[in-house]
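# Survey of secondary and tertiary structure
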Amino acid sequence: MLKRTVLLIEDNPQNRYLVTFLLEQHGYTVVAASDGPAGIELARSFSPDLILLDIQLPSMDGYAVAQALRTVPSLECVPIIAVTSYAMVGDREKAMASGCNGYIEKPIDPDNFVAEIERIRQSAVKKADRP
Ligand code: MN
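Residues numbered from 1 in each chain as written. Predicted model: local features only at pLDDT ≥ 70, side-chain atom pairs only at ≥ 80, totals over all residues. Heavy atoms only, no water.

## Structural notes on the pattern of salt bridges
For the record, the criterion: One speaks of a salt bridge when a side-chain nitrogen belonging to Lys or Arg is within 4 Å of a carboxyl oxygen belonging to Asp or Glu. Strands here are runs of E lasting at least two residues and helices are runs of H or I lasting at least four, both read from the DSSP assignment and numbered beginning at the N terminus. Three exposure classes are used, based on accessible area relative to the maximum for each residue type with a 1.4 Å probe and protein chains only: buried under 20%, partly exposed in between, and exposed over 50%.
With the rule as written, the count across this model stands at four salt bridges. Its salt-bridge partner being Lys 106, residue Glu 10 comes within 3.0 Å of it at the nearest N-O pair. Residue Glu 10 is located in the loop between strand 1 (5-9) and helix 1 (13-25), and its partner Lys 106 is located in the loop between strand 5 (102-105) and helix 5 (113-129); the two are separated by 96 residues in the primary sequence. For the pair formed by Glu 10 and Lys 106, the shared burial category is buried. A salt bridge links Arg 121 to Glu 118; the shortest N-O distance between them is 2.7 Å.

## A few points about the packing of helix 2 (residues 36-46) against helix 3 (residues 62-70)
Two packed helices can be described by the angle between their axes and the distance between those axes. Going by this rule: Between N-to-C directions, angles span 0 to 180 degrees; the directions come from axes that are lines fitted to C-alpha atoms, helices contributing only their stretch in contact. Each angle receives one of four descriptions, namely roughly parallel if under 35 degrees, roughly antiparallel if over 145, roughly perpendicular if within 65 to 115, and oblique otherwise. A crossing counts as left-handed when the near helix is turned anticlockwise from the far one by less than a right angle, and as right-handed when that turn is clockwise. Contacts are assigned to residue pairs with any non-hydrogen atoms lying within 4.5 Å of each other.
One way to put it is that helix 2 packs onto helix 3 with a least axis distance of 10 Å and a crossing angle of 20°. Looking at the two axes, helix 2 sits roughly parallel to helix 3. Where helix 2 crosses over helix 3, the handedness of that crossing is right-handed. Facing Gly 36, Ile 40 and Ala 43 of helix 2, the residues of helix 3 in contact are Val 65, Ala 68 and Leu 69.

## Section: the coordination of the manganese ion
For clarity, the cut-off: Metal-coordinating donors are taken as N, O and S atoms lying within 2.8 Å of the metal, or within 3.2 Å when the metal is Na, K or Ca; because water is left out, some sites can appear incomplete.
Looking at the manganese ion, the protein donor atoms are Asp 11 (OD), Asp 54 (OD) and Gln 56 (O), and they sit 2.0 to 2.2 Å from it. Between the donor residues of the manganese ion, the gaps in sequence give the motif D-x42-D-x1-Q. Assessed through its relative accessible area of 3%, Asp 54 is described here as buried.

## Looking at helix 3
At 3.6 residues per turn, the α-helix brings residues three or four places apart onto the same side. Defined as follows: When we speak of the arc, we mean the arc of directions from the helix axis to the C-beta atoms. By the criterion applied in these results, polar contacts are pairs of N or O atoms within 3.5 Å in which, for protein atoms, one can donate a hydrogen and the other can accept it, and in which residues neighboring in sequence qualify only through two side-chain atoms.
Those residues of helix 3 not exposed but buried are Gly 62, Tyr 63, Val 65, Ala 66 and Leu 69. End-on, the buried residues of helix 3 take up no more than an arc of 160°, which puts them together on one face. Contacts from the buried residues of helix 3 go to strand 1, helix 2, strand 3 (50-54), strand 4 (80-84) and helix 4 (91-97). Regarding helix 3, its N-cap is Asp 61, as a side-chain oxygen of that residue lies 3.1 Å from the backbone nitrogen of Tyr 63 further along.

## Section: the packing of helix 1 against helix 5
Note the following rule: Residues were grouped as follows: Ala, Val, Leu, Ile, Met, Phe, Trp, Tyr, Cys and Pro as nonpolar; Asp, Glu, Lys and Arg as charged; and all remaining residues, including Gly, as polar.
At their nearest, the axes of helix 1 and helix 5 sit 10 Å apart, and the two run at 75° to each other. The orientation of helix 1 relative to helix 5 falls into the category roughly perpendicular. Between helix 1 and helix 5, the residues in contact are Val 19, Leu 22 and Leu 23 and Phe 113, Val 114 and Ile 117, respectively. Residues of the contact of helix 1 with helix 5, tallied by class, amount to six nonpolar, no polar and no charged.

## Examining unusual backbone geometry
Of the consecutive residues Lys 106 and Pro 107, the connecting peptide bond is found in the cis state with omega at 0°. Position of Pro 107 among the secondary structure elements: in the loop between strand 5 and helix 5. Backbone geometry places Ser 47, a non-glycine residue, at a positive phi of 45°. Although it is not a glycine, Ser 59 sits at a positive phi angle of roughly 65°. Summarising the element assignment, Ser 59 is placed in the loop between strand 3 and helix 3. Residue class for Ser 59 comes out exposed when judged on its relative accessible area of 74%.

So this is what it looks like as structure tokens:
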């Protein structure tokens, strides 16, 4: 399996631990940041294959982080998946409007999480490949 690097932007240590564990189990490399500015800095420095983005973050929320990531030319085509416990009507649309390619709701389902990420990543990559 191709080794992909995921940038995880998540302020909750338990969620960081769980997501890292699940992804590493499936052969991914995970680099984590606990807030938006640190995540943006990391994303600029190494261009991850995928970004997992918590929405409820200190100082800068995930919508603002996604918008900032989308202004970086080298990150234009990197899939961003929002991972959030906000299950409010309109959040999905707000995440997509901010530049995310998909949306996963917490609590994280360990049995389906990685498959769901891979499904969203593949559909985002296909879209980006279209002329
Ligand atoms: Mn959070």
